[in-house]
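Summary of structural features
Here's the letter readout for the chains.
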Amino acid sequence: TDDETFSNVFCENSKQLIDVHLFALAAQYYSLSNLGVSTPLEDLIEALRGDNQGTTGIKTDEFMNNKKSHEVQVMSELVDNIAKYCGINQVIDIGSGKGYLSSFLSMHYNLKVYGIDSSNTTTNGAHERNRKLKKHWRAYQSRARANVKSQRLEKANDRPVQSEINCKAINEKLLNKTSSLQHQDQVTIQDLAPSCAFTGIGTSETSKQTEVDLAPWTQSDESKLSEEALAILNVLPADAVEAFSSSRSNGGELCEEEKEQRKMASLKAKASKSRESNLYFPLTSCITAETELSDIITDLEDCMMVGLHTCGDLAANTLRIFTAKPEIKAVCSVGCCYHLLSEQFENQEDCPEEVWGFPMCQYLKDKGWCCGRNARMSACLALERVAVGQMLPVESLFYRAVLQVIIEEIYGVTKSDRHVGKTFSKSSSFIDYVRKSLKKLELDDSKLPDSCIMDYYEKYKHRMNELEAFNMLKVVLAPCIEVLILLDRLCYLKEQDNIAWSGLVKLFDPVKSPRCHAVIALKKQSCF
C-alpha cells in the first residue's frame, strides 16, 4: 500500500526525517497533478462552449504586467464562457483590488461587473485606473480588429491542407461526446472525479463551424466591432472619456449638424448607462460569510461570483455565499495567502458558531483536522519556480531567522501581531535590517549595540546551508498542503445538494502564477 511504501520516510521513534529521496517521492505522489482530481481547462472550455467559437481580441499585456496579463487573459475567457453557458450577464468580482479582471470583463466581454474590495484606497485606485483605461479603449479595439483580420487570413491559408482532417476529427470527437451531453438535471457527480460532461450543451455543427472559419472578414464584422467600441465609450461618465479631436477622425471635419447629432446620441447613451451591460462598478465593502449582496448591489440579478487570488478566508467565504444565495449561479475562485486562513482546531477553541476558513467540509471537521500556521505558510511557496531556477531568497530567510532569535532572547517576545514585512529589500546591512525591523515591531533598539547584533549574525552564519536545506524541504512539501486546502473546498461543494458540477481546474502557468488552481462550480438547472 501507499502507507507501507512511504512508511520509512520518518523514524518511527524519533519522528525525524531519515530518507529525503523517499520524502520527495511521497510529496510528489500526493500532489494535485498526480492525484487525478483536476479537470483540464481545455476540456472545461470545450464543454461550456458547445458549438460557439471563442472571442479573439485585446492583448492584456498592453496595460498589465506579464503575470497579471496572463491571469486576466485566461480567467476572463473562462468566466465569459461560464456566464454564457448559464445565460447570465452580471458578474461579482470579490476582492477585486485594482480592478484588472473586472475592467477587462466589462470592456472586452461586455459583462456588467461589480468589483467589491474591502479597501477604500484600492477601490479609488480601481476607479482611476478604469477611467484611464477607458480613454484608450478605441486604440485597443482597433488593434484587436487588426489582429482578427490577420488571424483569419492565416486560418484561410492553412485550411486547404487541414480542413478535411480537422472536420473528420471534430465529427468523431463530437459523436463520442454527444451521449454524455444530454440534460442538465441528469448530471452525475462523482466524489472528487474530474468530469466535463456538462449536460444541456448542444453539439457542434461542423459544416457551420467550417463556414465560419473560412468566411472572409465582412463589413458586418467590422461594423460590429466599431459599434461595440463606440457603445463602450458612449456609456462612460463625461469625465471618463478623453475628447478626440477632429484630426483623429478618418471622416475629416464634421459639420455642425453632425457634431450635434453625435453629441445628442452620446448624451442619450450616457443617460441610459445604468441599463447597459458592459459596465464596471468598483465598490468598497468587507465581505464575510454572512454578507447580504443585495445590500451592496441594489440591482442584484442572476449572476456569478469570481475571485482572482482572494486572500485567506475570503476564498472560503466566497464559496459559502455562492452556495447560500439563489441568485448566484456559478463561482470561479482562485485563492491565495493560505497563511492568513483561520483554523477551527488550531488553538483548540470550542467556538461552534464561528465561521472558519479551514476546514470547510464536514469530513475534515469530523476529524478535527488542523494544519497550523507553519504548514499554511509552506503552502504558499512556489515549487515550480524553484524547479526552473528561481531560487529561494536564502539571505532574506536567514536575516529573518536570526532576527527571531534576537527578539526572543533579548526582548522575550515569542508572538506579535505586528509584521516585519519587506524590510530586507530596504536594508543596507544586517544591522540596518534588525534596527528597522525592531522599530516596526515597536521594540526599543537602543539597548542593542551593533556589536551584539553582529555577534548573533556570526554565531549562526555557518548554519545558513542548513536553513536553505530546511526551506527546500518545505518547498517540496508545499503542493501537498495546498492540495489539502483545495480538496477541502471541493469536498464542501460536493456536500451541497444544489450543485450540478464542481471541480478543480489549473488555470495558470505555475511559474508565472504559483497559486494557479481555481475552484469552480455550477448550480443545478432547477436552481436557475
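Up top is the structure.
Conventions and cut-offs
Residues numbered from 1 in each chain as written. Predicted model: local features only at pLDDT ≥ 70, side-chain atom pairs only at ≥ 80, totals over all residues. Heavy atoms only, no water. Salt bridge = Lys/Arg side-chain N within 4 Å of Asp/Glu carboxyl O. Buried < 20%, exposed > 50% of the residue type's maximum accessible area, 1.4 Å probe, protein only. Helix = DSSP H or I, 4+ residues; strand = E, 2+ residues; numbered from the N terminus. Expected span 1.5 Å × (residues − 1). Bend = angle between axes of the 7 residues up to and from the residue. Contact = heavy atoms within 4.5 Å. Pairing = 2+ DSSP bridges. Axes fitted to C-alpha atoms, helices over the stretch in contact; angles between N-to-C directions.

Examining the pattern of salt bridges
- According to the stated counting rule, one finds 17 salt bridges in the structure shown.
- With a closest N to O distance of 3.3 Å, Asp445 and Lys439 form a salt bridge.
- Accessibility expressed as a relative area gives 53% for Lys439, which makes it exposed.
- A salt bridge links Arg515 to Glu482; the shortest N-O distance between them is 3.0 Å. One end of the pair, Arg515, is in the loop between strand S7 (499-506) and strand S8 (517-523); the other, Glu482, is in helix H20 (residues 464-494), and 33 residues separate them in sequence.
- On the basis of relative accessible area, Glu482 is assigned to the buried category, the value being 8%.
- Sharing partners across several salt bridges, the network here consists of Arg435, Lys439, Asp445 and Asp450.

Considerations on H20
- A rise of 1.5 Å per residue sets the reference length of H20, with its 31 residues, at 45 Å; its end C-alpha atoms lie 45 Å apart and thus fit the reference within 8%.
- Considering bend angle alone, the principal kink of H20 is centred on Leu477 and spans about 40°; proline Pro479 follows within four residues of it.

Focus: the environment of Ile321
- Summarising the element assignment, Ile321 is placed in helix H13 (residues 313-324).
- A C-alpha to C-alpha distance of 9.7 Å links Ile321 and Val331, two positions ten residues apart in sequence.
- The residues touching Ile321, leaving out its near neighbours within four places in the chain, are Ile287, Thr288, Ala289, Thr291, Leu293, Met305 and Ile328.

Re the sheet that holds S8
- Sheet architecture is open: eight strands sit in the order S1-S7-S8-S6-S5-S2-S3-S4, paired in mixed fashion. Two strands in the sheet have a free side with no partner beyond their single neighbour: strand S1 (38-39) and strand S4 (280-284).
- Across seven bridges, S7 lies against S8 in antiparallel orientation. The residue bridging Trp501 from the neighbouring strand is Leu522, located in S8.
- Along the sheet face, helix H4 (residues 41-49) touches S1, S7 and S8 and points at about 140° away from the line of S7.
- Contacts from H13 reach strand S2 (90-94), strand S5 (303-311), strand S6 (328-336), S7 and S8 within the one sheet, and its direction differs from that of S6 by about 170°.

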